[in-house]
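# Results of the structural survey
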Amino acid sequence: MRDMAIMFSDPWQLRSYAQMDECIRTGADGVTLAFGKHVFDLFHDIPDHAANFHRAMTSFSGAAAAALLEVADFSRFRRLADCGGGHGLLLSRILEKFSSLHGVLFDLPEVVSGAPAAGHFRNSEDRVAFESGSFFERIPDGCDAYIMKHIVQDWDDESCRRILSLMRAQLVKTAPGMGRVWLCEMVAPEAGGPSPAIMLDIEMLVCTRGGKERTAAEFAQLFKSAGLRLVSIAPTHSPVCLIEASVA
């Protein structure tokens, strides 16, 4: 939790949360209100804090990866792309467990450039490729499975639909019957009440434009709108679930 605590105390977080009253009244995000730009654009201006963010995400991936791998079975897949995969901790753990699987780490150029030096793929470097780009414009081709951890929570439904539709288009070409999309996300309770997902939903309100935590029904509808079908939601001993979808 150390890196998460450092990130949450960085000035960009504190100044954004200072806008919470306006976020609640208008739905605008606190980062834009405080700095005039989206959080991922802001990171270009504050590289030290961006580095803190990526370390925090890696730390969180370390905690979530073990829980996800208890319920995940990627043994029947050939090539898995982790889109928005940061420095690759989650993908590296998956490749270590499933030794016949090949992986693609895909993220923005300034993020992926730091992945090799992070050293997560020491045991699987011959089975991983690094690609850079925006998942709103393209995603890696030649894959029969795609995974995203804590990505769709950052974006509104229309933005998520664009990403998922690109994945569907690739799966239709590569593996229409067997292909899968996996999301690693918290699932908000339908009836409300105390939940880590509800707490994280506040972070999404303040720090993203339209991002939110979704219920199972909302995930099903989001997949349907992108031509996909919700297959299952597997809980883990952590707050994160493994959510599976196929081509509809």
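Up top you'll find the structure we're talking about.
So, here is what we can say about the structure in this document. Quantities reported herein were computed from a predicted structural model and do not represent experimental measurements.

### Focus on the overall build of the chain
- Counting its regular elements, the chain contains twelve helices and seven strands.
- With the C-alpha coordinates aligned to their principal axes, the bounding extent of the chain is approximately 50 × 40 × 35 Å.
- Counting the 248 residues in the chain, one finds 50% classified as buried.
- Restricting the contact set of the chain to residue pairs at least 6 apart, pairs at least 24 apart contribute 70%.
- About 11100 Å² of surface is accessible on the chain, with carbon and sulfur atoms providing 56% of the total.
- In the chain, the 24 positive side-chain charges and the 31 negative ones have mean positions that sit 5 Å from each other.

### So, the nonpolar core
- Counting residues in each nonpolar core, the largest one holds 29 residues, and the members touching the most others are Cys83, Phe135, Met148, Leu164 and Met167.
- Elements with a minimum of two residues in this core: β1 (79-83), β2 (102-107), β4 (145-149), α10 (157-174), β5 (180-185), α12 (216-225) and β7 (241-247).
- Sort the elements by how many residues they give to this core and α10 lands first, with five residues.
- Look past the residues within four positions of Phe135 in its chain and what remains in contact with it is Cys83, Gly84, Phe106, Ile151, Trp155, Ile163 and Leu166.
- Judged by nonpolar contacts, the second largest core, of 25 residues, contains Phe74, Leu105, Ile147 and Trp182.

### Examining the sheet that holds β7
- Taking strand neighbours across the sheet as the criterion, the seven strands line up as β3-β2-β1-β4-β5-β7-β6 in an open arrangement whose pairing is mixed. The sheet is open, and its two borders are formed by β3 (128-132) and β6 (228-234), each paired with just one other strand. If you compare each strand with its neighbour and ignore which way they point, the axes differ by 20 degrees on average.
- Relative to β5, β4 runs parallel, the two sharing five bridges. Across the sheet, residue Met148 finds its bridge partner in β5, namely Leu183.
- Here α10 sits on the sheet in contact with β1, β4, β5, β6 and β7, set at roughly 160 degrees to β4.

### Observations regarding α10
- With 18 residues, α10 ought to run about 26 Å at 1.5 Å a step, and its terminal C-alpha atoms sit 25 Å apart, in line with that.
- Taken together, the buried positions of α10 are occupied by Ser159, Cys160, Ile163, Leu164, Met167, Gln170 and Leu171. Angular distribution of buried residues about the axis of α10 spans 125 degrees; they occupy a single face of the element.
- In this structure, the buried side of α10 is in contact with β1, β4, β5, α12, β6 and β7.

### Brief notes about the pairing of β7
- Counting buried positions over the seven residues of β7 gives seven, a clear majority of the element.
- One ladder, built from five bridges, connects β5 with β7; its direction is antiparallel. Residue pairing across strands places Leu183 opposite Ile243, the latter belonging to β7.
- Taking the residues that link successive antiparallel strands as the turn, the β6-β7 hairpin has six residues.

Criteria and cut-off values
Residues numbered from 1 in each chain as written. Predicted model: local features only at pLDDT ≥ 70, side-chain atom pairs only at ≥ 80, totals over all residues. Heavy atoms only, no water. Helix = DSSP H or I, 4+ residues; strand = E, 2+ residues; numbered from the N terminus. Buried < 20%, exposed > 50% of the residue type's maximum accessible area, 1.4 Å probe, protein only. Contact = heavy atoms within 4.5 Å. Areas by Shrake-Rupley, 256 points an atom, 1.4 Å probe, with all protein chains shown as cover. Lys, Arg positive; Asp, Glu negative; His and termini not counted. Charge placed at Lys NZ, Arg CZ, Asp CG, Glu CD. Core = buried A, V, L, I, M, F, W, Y, C linked by side-chain atoms within 4.5 Å. Pairing = 2+ DSSP bridges. Axes fitted to C-alpha atoms, helices over the stretch in contact; angles between N-to-C directions. Expected span 1.5 Å × (residues − 1). Arc of directions from axis to C-beta.

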